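The residues making up each chain are set out below.
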Amino acid sequence: MLKRNWKRIGMLILIIACIFNVMGKLVNKLSLNKEMLFSAQYMSEEQQNDQNQK
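Residues numbered from 1 in each chain as written. Predicted model: local features only at pLDDT ≥ 70, side-chain atom pairs only at ≥ 80, totals over all residues. Heavy atoms only, no water.

Description of the overall build of the protein
Within the protein one finds 2 helices and 0 strands. A compact globule built from 54 residues would reach a C-alpha radius of gyration of about 10 Å, whereas the protein, at 23 Å, exceeds it by more than 25%. Projected onto the principal axes, the alpha-carbon positions of the protein cover approximately 70 × 25 × 10 Å. Per-residue burial over the protein gives 0% buried out of 54 residues. For the protein, the accessible surface area stands at approximately 5,700 Å², while carbon and sulfur atoms represent 63% of it. (Helix = DSSP H or I, 4+ residues; strand = E, 2+ residues; numbered from the N terminus. Rg over C-alpha atoms; globule rule 2.2 N^0.38 Å. Buried < 20%, exposed > 50% of the residue type's maximum accessible area, 1.4 Å probe, protein only. Areas by Shrake-Rupley, 256 points an atom, 1.4 Å probe, with all protein chains shown as cover.)

Spelled out as structure tokens, the structure:
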């Protein structure tokens, strides 16, 4: 039976792995607002570091 259905079993495993991958990314995704705040904070710190080095 495994010999005849190996393609179906492989596709099923692949689909399940893709679903887990997508769901993991959706669950752990930062909101756009938080991402923008973190980016602004990073840019501010980099500008301060550049000014301190000069």
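What follows continues from the structure just given.
Concerning the environment of Q51
With respect to the element layout, Q51 can be found in helix 2 (residues 32–53). Look at Q51 and you get exposed, because its relative accessible area is 60%.

Things to note about a nonpolar patch on the surface
On the surface, a nonpolar cluster with roughly 680 Å² of combined accessible area is contributed by M11, L14, I15, I19, V22, M23 and L26. Of note, V22 is situated in helix 1 (residues 6–27). Judged by its relative accessible area of 47%, V22 falls in the partly exposed class. (Patch = residues over 30% accessible without salt bridge, like charges linked within 9 Å, V, L, I, M, F, W, Y side chains within 5 Å. Salt bridge = Lys/Arg side-chain N within 4 Å of Asp/Glu carboxyl O.)

So, the environment of V27
Summarising the element assignment, V27 is placed in helix 1. Judged by its relative accessible area of 63%, V27 falls in the exposed class. V27 sits 13 residues away from L14 along the chain, and the two C-alpha atoms are 20 Å apart.

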